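# Per-entry structural report
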Amino acid sequence: MDPEGSRIQDDPHIKVMMAGSTLRKVKSRSWKKQRHFRLLEDGMTIWYKSRWAGMGHSTFSVTEMEAVREGHQSEVLLSTAEEFPADLCFTLVFHGRQGNLDLVAETPEEAKAWIQGVRKLIHKAKNMDEKERLDQWVWDWFKKADKNKDGKMTFKEVRKLLKMMNVEMSEDHAFHLFTMADKSDSGSLEIEQFVYFYKMLTQRDEVWKVFQDYSGDGEKLMLEELENFLSMEQQEGEKSSHAQELINRYEPSESAKKQGAMSLDGFQIYLCSQEGSIFKPELRELHQDMSQPLSHYFISSSHNTYLLEDQLRGQSSLEAYIQALKRGCRCVEVDCWDGSDGEPVVYHGHTLTSKILFRDVISTLKEYAFKASDFPVILSLENHCCVEQQTVMAKHIRVICGDMLLTTLLNGQVPQQLPSPQELKGKILLKAKKISGTEGSLDGTLTDDISDEEEMTNHEAESLSAEEPPAGTLNHDGKKSKAKLSKELSDLVVYCKSVHFHGFEYARSYGKCSEMSSFSESKAKRLAKDTGTDFVQYHTRQLSRIYPAGRRTESSNYNPQDMWSVGCQIVALNFQTAGLEMDLNDGLFAQNAGCGYVLKPTFMRDGNTQFSPEKPEERPGYTPMRLSIQVISGQQLPKVNQKEGSIVDPLVRVEIYGVPQDQAKEETSHINNNGFNPVWNETLNFVIHTPELALVRFEVEDYDKTSRNDFMGQFTLPFTSIQAGYRHIHLLSKDGTAIPPSSLFVNISISELTRRSQI
């Protein structure tokens, strides 16, 4: 069995890749080294090593790659453009936060073969169905275990393979399976026999039991039996055509299809598919009303977008903008400072972070703004520049963005409410200070500061007094200096005018919907706790932006859920930092086609709302829900420690994030020495008071009694997106990328919490 068949192998570009090429790997202007690259026989793995004998080699899978860029399309290759012509250069772009690979071929023909070949392989990998993916997985294991590359596997190789696969099994049982698969009694398994061995190994008793409950003859599910399962267990109601669709889509056996039936194989493939996953497939599509005011949406937002690492000495990079925008981010931040040659630069001021040109950031924004989503991008400007360089900034924004830049009110009308994402499709909006009659004079002098993130209470200023004072706010005498604003830049601000926050009473009486304020996480948290209802009401008309505390120099994040619970729209996170907070962000914005806008619940869009996250039971229509999760089993969980022989002890923790009353965690016991097919069969129960705001996070950890448990995988989704019934949860890495076929098998029940069940 060779899952990719012969067709792709015959492609001339693929042939060049399989024959191998010497390519130059470029990391900087001074680091350029030759490496030998080739595509392995599986058609899915790229192998490379130094030309010097004895040096180790590296591999990566086609499935790890997202795209290939041609020519000088990375900062590194642009910096070496004079040395290497564009037709020799290409960049391999990986999923998640993994760095790019910049390569230079020896001839244009060779570069073209690799560019076209890799694109074909990426396309093929993306379009594999469930069965092909499984075949590929089996093939990968066979290759890993066949150490002497003779196309056969001895029992010794099988024993090593089981360790690699995270399986702890008695030697007797392993040998029993081996001899059953070795039908020719040759003492080794060829690929077809290995497939049989793998099938016995991965036989899912827990799936078989569910299948048996509904199958009359224990062999297949007839159409009516499958309909019963969908109605009773999957809570689908009366959808008679759906059972037939599932048979057509997932049943591998033609004879079963002809009988209008589903075999155990088909049943398992369905349960492992997207339709059998925990996330309602229809909610992954664009399904929300996009014609409401901007203030009615949560907006995926990034803080200090230009940074790839920490806030003190990390690298500033255009790639950071590309990565954030590709993840669906709709509000990016640009910190602008005077450049030495009259060209404004972007970096984290008063630190050792590297600098990039403002105009290059705007060019990158123009190119990538609407690749992941058509809905508007807000450019949040942290402006520390002199008036002259601000005018240069205004010119760059206007010239580079062209028609994409929104420069005038829609219909020329002064609005009572903000325009909608639908009306602003394909537009870039500038968020910055603006000169107006009350706060500026004709020469552009402002009474308040240009920079937004330095807004803080005296208490916050005192607590941060050990830090560097913000630029542009103190002069040499320690007194506040007046900042000046360029009229050209001010004129580009239309719907996102940055203003000081003067309190909720002032906002109710005088606040305009086009004015917005920025709050540090600590100030926002305090307002949320002390005046939650006022904050929710404020956010029905006006936008706010929340940013991480200055002390988070290592680019850590705060919990965004606290801010979403009071309706804050632009909750800016350090996108470069993987972890719980970004999992929550990715989970919330996974719905609605990942477009970066999620409509807030009805009770957060009504200007007279009395909702308080501290007292969810007081809102009209309050309906708490009971969530019951039976954690049944895990499948092929990732290894934490790559050392040969190490096997994990997995446990599952389920965490609820929402209003304060909903915050909860429950976990299963751990299973010793089995990451391959652990079975828990434990039920975790939760009560959720504000289901519309709750996120549910599943995390798998490797239990360690002497130290902190190791993270293995996670999946986060909105409570409202959960499908009830028997479901698979396809786990993601710490970086948020898929790690197939690692999954959890669960049975989920959701019901309204009645008075009787509360007693």
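Residues numbered from 1 in each chain as written. Predicted model: local features only at pLDDT ≥ 70, side-chain atom pairs only at ≥ 80, totals over all residues. Heavy atoms only, no water.

## Observations concerning the overall build of the protein
- Regarding its fold elements, the protein presents 24 helices and 30 strands.
- A compact globule built from 759 residues would reach a C-alpha radius of gyration of about 27 Å, and the protein, at 29 Å, matches this within 12%.
- Counting only C-alpha atoms and orienting by the principal axes, one finds that the protein spans roughly 95 × 75 × 55 Å.
- The buried share of the protein, reckoned over its 759 residues, is 53%.
- Put simply, the protein shows about 33,700 Å² of open surface, and 49% of that area lies on carbon and sulfur atoms.
- Positive and negative side-chain charges of the protein, numbering 88 and 110 respectively, have mean locations separated by a distance of 3 Å. (Helix = DSSP H or I, 4+ residues; strand = E, 2+ residues; numbered from the N terminus. Rg over C-alpha atoms; globule rule 2.2 N^0.38 Å. Buried < 20%, exposed > 50% of the residue type's maximum accessible area, 1.4 Å probe, protein only. Areas by Shrake-Rupley, 256 points an atom, 1.4 Å probe, with all protein chains shown as cover. Lys, Arg positive; Asp, Glu negative; His and termini not counted. Charge placed at Lys NZ, Arg CZ, Asp CG, Glu CD.)

## Some points on the UniProt feature "binding site: Ca(2+) 3" (unreviewed entry) in the protein
- Residues annotated in UniProt with the feature "binding site: Ca(2+) 3" (unreviewed entry) correspond here to Asn304, Glu333, Asp335 and Glu382. Separation in sequence by 79 residues is not matched in space for these annotated residues, since their most distant C-alpha atoms are only 9.4 Å apart. In the annotation above, Asn304 are the residues that line the largest cavity.
- Along the chain, the position of aspartate 335 falls in strand S13 (residues 331-337).
- Given a relative accessible area of 5%, aspartate 335 falls into the buried group.
- Beyond its immediate chain neighbours, meaning those up to four positions away, aspartate 335 contacts Asn304, Tyr306, Val345, Val346, Tyr347, His348 and Glu382.
- Of note is the side chain of aspartate 335, whose polar atom sits 2.8 Å from the side chain of tyrosine 306.
- Tracing the sequence through the fold places glutamate 382 in strand S16 (residues 377-383). (UniProt positions renumbered as here; feature names shortened; annotations may be inferred. 1 Å grid on protein atoms, 1.4 Å probe; cavity = no way out; pocket = protein on both sides within 12 Å on 5 of 7 lines; lining within 4 Å. Contact = heavy atoms within 4.5 Å. Polar contact = N/O pair within 3.5 Å; in protein donor to acceptor, adjacent residues only side chain to side chain.)

## Notes on the pattern of salt bridges
- Tallying each qualifying case throughout the model produces 29 salt bridges.
- With its nearest N and O atoms 2.7 Å apart, the salt bridge here joins arginine 97 to aspartate 735. With arginine 97 in the loop between strand S6 (89-94) and strand S7 (101-104) and aspartate 735 in the loop between strand S29 (725-732) and strand S30 (738-752), this residue pair connects regions lying 638 residues apart in the sequence.
- Look at arginine 97 and you get buried, because its relative accessible area is 18%.
- A salt bridge links arginine 697 to glutamate 655, with the nearest nitrogen and oxygen atoms 3.0 Å apart. Taken together, the residues arginine 697 in strand S27 (residues 695-702) and glutamate 655 in strand S24 (residues 650-657) connect sequence positions 42 residues apart.
- Relative accessible area serves as the criterion here: at 4%, arginine 697 is assigned to the buried category.
- Judged by its relative accessible area of 3%, glutamate 655 is buried.
- What you see here is one network of salt bridges that share partners, running through Asp583, Arg653, Glu655, Glu667, Arg697, Glu699 and Glu701. (Salt bridge = Lys/Arg side-chain N within 4 Å of Asp/Glu carboxyl O.)

## Some details on the nonpolar core
- The biggest cluster of nonpolar side chains holds 67 residues, and the ones touching the most others in it are Val334, Phe358, Leu379, Leu381, Ile397, Leu430 and Phe535.
- Discounting residues that sit within four places of it in the chain, phenylalanine 535 has contacts with Phe504, Phe519, Ala524, Leu527, Ala528, Val566 and Cys568.
- Counting 31 residues, the second largest nonpolar core, distinct from the first, contains Leu627, Ile671, Met712 and Phe715. (Core = buried A, V, L, I, M, F, W, Y, C linked by side-chain atoms within 4.5 Å.)

## Thoughts on empty space enclosed by the protein
- Per the counting criterion, the structure on display carries 1 cavity of 30 Å³ or more.
- In this structure, the largest cavity occupies an estimated 110 Å³ of space.
- No other element matches helix H14 (residues 318-326), which puts 3 residues into the lining of the largest cavity.
- By residue class, the composition of the lining of the largest cavity is 5 nonpolar, 7 polar and 2 charged. (Points joined across faces, edges and corners; volume = space filled by probe spheres on them. Nonpolar A, V, L, I, M, F, W, Y, C, P; charged D, E, K, R; others polar.)

## Some points on the confidence of the model for the protein
- Overall, the prediction assigns the protein a mean pLDDT of 89, with 90% of residues at 70 or greater.
- Low confidence marks residues 1-6, where pLDDT is under 50. Its contacts with residues over four positions away, or in another chain, come to 18 contacts. (pLDDT = per-residue confidence, 0-100.)

## Observations concerning the side chain of glutamine 569
- Relative to the helices and strands, glutamine 569 resides in the loop between helix H22 (561-564) and strand S21 (570-573).
- Polar side-chain contacts of glutamine 569 include one of 3.0 Å to the backbone oxygen of histidine 539.
- Contacts of glutamine 569, omitting those with residues within four sequence positions, involve Leu294, Ser295, Tyr297, Phe298, Ile299, Ser301, His539, Gln542, Leu543, Ser544 and Lys600.

## Digging into the state of the cysteines
- Under the definition given, this model contains 0 disulfides.
- No disulfide involves cysteine 595; its nearest neighbouring cysteine sulfur is the one of cysteine 329, lying 12 Å away. (Disulfide = S-S within 2.5 Å.)

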